[in-house]
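Structure assessment
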Amino acid sequence: MDSYDASESTPRQSTSLRPEDYFIGATFLQKRLESVRKQTSFIPTPPRRKIPHCSQLQEDVDPQKVAFLLHKQWTLYSLTPLYKFSYSNLKEYSRLLNAFIVAEKQKGLAVEVGEDFNVKVIFSTVLGIKGTQRDPEAFLVQILSKSQLPSENREGKVLWTGWFCCIFGDSLLETVSEDFTCLPLFLANGAESNTAIIGTWFQKTFDCYFSPLAINAFNLSWMAAMWTACKMDHYVATTEFLWSVPCSPQSLDISYAIHPEDAKALWDSVHKTPGEVTQEEVDLFMDCLYSHFHRHFKIHLSATRLVRVSTSVASAHTDGKIKILCHKYLIGVLAYLTELAIFQIE
Amino acid sequence: MSVLRPLDKLPSLNTATILLVGTEDALLQQLADSMLKEDCTSELKVHLAKSLPLPSSVNRPRIDLIVFVVNLHSKYSLQNTEESLRHVDASFFLGKVCFLATGAGRESHCSIHRHTVVKLAHTYQSPLLYCDLEVEGFQATMAQRLVRMLQMCAGHVPGVSALNLLSLLRSSEGPSLEDM
């Protein structure tokens, strides 16, 4: 399922050659075919994965600058590489997108009652949100409402925020040519109508494609295990799971809350190899929770669907909604989400 | 005690019996109905079970093919299958056992990775079939396929045995399975 392997070098990296060695045009198609072919062979999900730790680039990340990313609910999308996107043209993009939004709103396509038509669009880069030096810089798009009185409050209220990032996206970066910028993960917060308008503009301008990123129960249990494994000084939230039971006529929801220190203690008893998380450990961790629940309530949680996981590090919902609570593990959380996005694109 | 053995009973005349084992009652019932609707020269008998071991009090014919249905949406069905596999005699795995994975179509609902089921099928040297049993069309096709397999396993197709079928189905798998 996931082609990215954190602990061992992939065969792809050792066989890639510089583009100049091939005829133009044959290279990228060849590389794509190679990567697709390798995925159809039975390469399993990496049984090991590094526990998200503070990345080496953490010094560049200013906690104040990324504070606006935390404690907000983001809707996730995966994005194919952008064609001919340039970081130096951000001002121009702001202008174009502004005009587009105004035109769309005047067309009456996305009219909301009481909405201010005076909006301002700002593109900006967010430094430091990347896994390796090869990853492209993350950038941010914000829609602000222009205040009526220009004298006070120059900066209007933020109506919509969306940001694009790529953390450890090597597997994708290798297979695309220089004209493309790979930022496979897109996070949006704000009105759905704005997301749709911005999405349309990006798709038209950069020939890319957005698709909503859903997180299945398998990945949610990996997230639960990885985030429980993170060492925290103090816990801000209880560890909570939500399962949806498929029964008629109305589905039943089961919520299971654990004290975060108990969850960490359980994880520590299950965890064997330091610095790595294996599939067996994740399965064992979840099985412990399931059997505990079964002993008390005689309900097999393993027959239900895990829908939401919430820890002190972050919380994720299967519909593709995420909220990050801890800036220390921001990069780690984004790295896993980038992996899921890349997998969806491929 | 109540381990299923392939040759412990005499076969009945022109009868082929299949045993479907799985936790999803509704899906198994629908699959059984589809199979019984198929045009077949042999007389078909379909047995459904939630898990093994089967109660020994019932008088049942010799079982020619066991299909373990694993729902990729539910870890419980996988655990149930693994438990049930212990009650099957080793000689059954010479082509008379098959795994059926359902639910792969809805990726967002999957809680088992596809690789887990592939590994299970590989460990037991048995073919793995994928089918979304919830979809009418796929279910009908799978029913046809299973009826054909059942006829071969019961020996009703001249010239083809269960073991032949097994080696035919296995040759399409890649060599990289050896690394597992």
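Treat the numbers as computed from the prediction; the structure is a model and nothing was measured.

All names here are of chain B. Under the criterion given, the structure shown has nine salt bridges over all chains. For the salt bridge of R106 with E134, the shortest nitrogen-to-oxygen distance reads 3.5 Å. Remark: E134 occurs in the loop between β5 (128-130) and α4 (136-153) and R106 occurs in the loop between β4 (97-102) and α3 (114-123); sequence separation between them is 28 residues. Looking at R106, the relative accessible area reads 41%, which means it is partly exposed.

We now examine the pairing of strand β8 (residues 185-190) of chain A. Residues and elements named next belong to chain A. Taking burial as the measure, the six residues of β8 include five buried ones, the bulk of the element. Pairing of strand β6 (residues 158-165) with β8 involves six bridges; the strand directions are antiparallel. Note on β8: the bridge partner recorded for G162 is A188.

Another aspect to go through is the sheet that holds β4 of chain B. What links the strands of a sheet is backbone hydrogen bonding, and the strands pair in either a parallel or an antiparallel sense. Residues and elements named next belong to chain B. The strand order across the open sheet built from five strands is β2-β1-β3-β4-β5, with neighbouring strands paired in parallel fashion. Looking along the sheet, the strands with just one partner apiece sit at the ends: β2 (43-49) and β5. The average angle at which neighbouring strand axes cross in this sheet is 25°, direction not considered. Both strand β1 (residues 15-21) and β2 contribute to a ladder of seven bridges, which runs parallel. Residue pairing for β2: L20 is matched across the bridge by L48. Along the sheet, helix α1 (residues 25-37) makes contact with β1, β2, β3 (65-71) and β4, crossing β2 at roughly 180°. This element, α3, spans β3, β4 and β5 of the sheet and lies at about 145° to β5.

On average, residues of chain B score 88 in pLDDT, and 94% of them reach the 70 mark or higher. Low confidence marks residues 174-180 of chain B, where pLDDT is under 50. Its contacts with residues over four positions away, or in another chain, come to 10 contacts.

Now for helix α8 (residues 260-270) of chain A. All names here are of chain A. For α8, the set of buried residues is P260, A263, K264, W267 and V270. Axial view of α8: buried residues confined to an arc of 120°, hence all on one face. Where α8 is buried, its residues touch α7 (217-229), β10 (239-245), β11 (252-258), β12 (276-278) and α9 (279-297).

Residue and element names in this part refer to chain B. Those residues of helix α5 (residues 162-170) lying buried are A162, L165 and L166. Buried residues of α5, viewed axially, fall in a sector of 100°; they line one side. Buried residues belonging to α5 abut α4.

This next bit is on the packing of α7 of chain A against α8 of chain A. Each pair of packed helices gets described by two things: the angle between the helix axes and the distance between those axes. Residues and elements named next belong to chain A. Running from N to C, α7 and α8 point in directions that differ by 100°, and their axes come no closer than 9 Å. Classified by the angle their axes make, α7 and α8 are roughly perpendicular. Judged by residue contacts, A225, T228 and A229 of α7 engage A263, K264 and W267 from α8.

Conventions adopted
- Residues numbered from 1 in each chain as written.
- Chains lettered and ligands numbered in written order.
- Predicted model: local features only at pLDDT ≥ 70, side-chain atom pairs only at ≥ 80, totals over all residues.
- Heavy atoms only, no water.
- Salt bridge = Lys/Arg side-chain N within 4 Å of Asp/Glu carboxyl O.
- Helix = DSSP H or I, 4+ residues; strand = E, 2+ residues; numbered from the N terminus.
- Buried < 20%, exposed > 50% of the residue type's maximum accessible area, 1.4 Å probe, protein only.
- Pairing = 2+ DSSP bridges.
- Axes fitted to C-alpha atoms, helices over the stretch in contact; angles between N-to-C directions.
- Contact = heavy atoms within 4.5 Å.
- pLDDT = per-residue confidence, 0-100.
- Arc of directions from axis to C-beta.
- Parallel < 35°, antiparallel > 145°, perpendicular 65-115°, else oblique.

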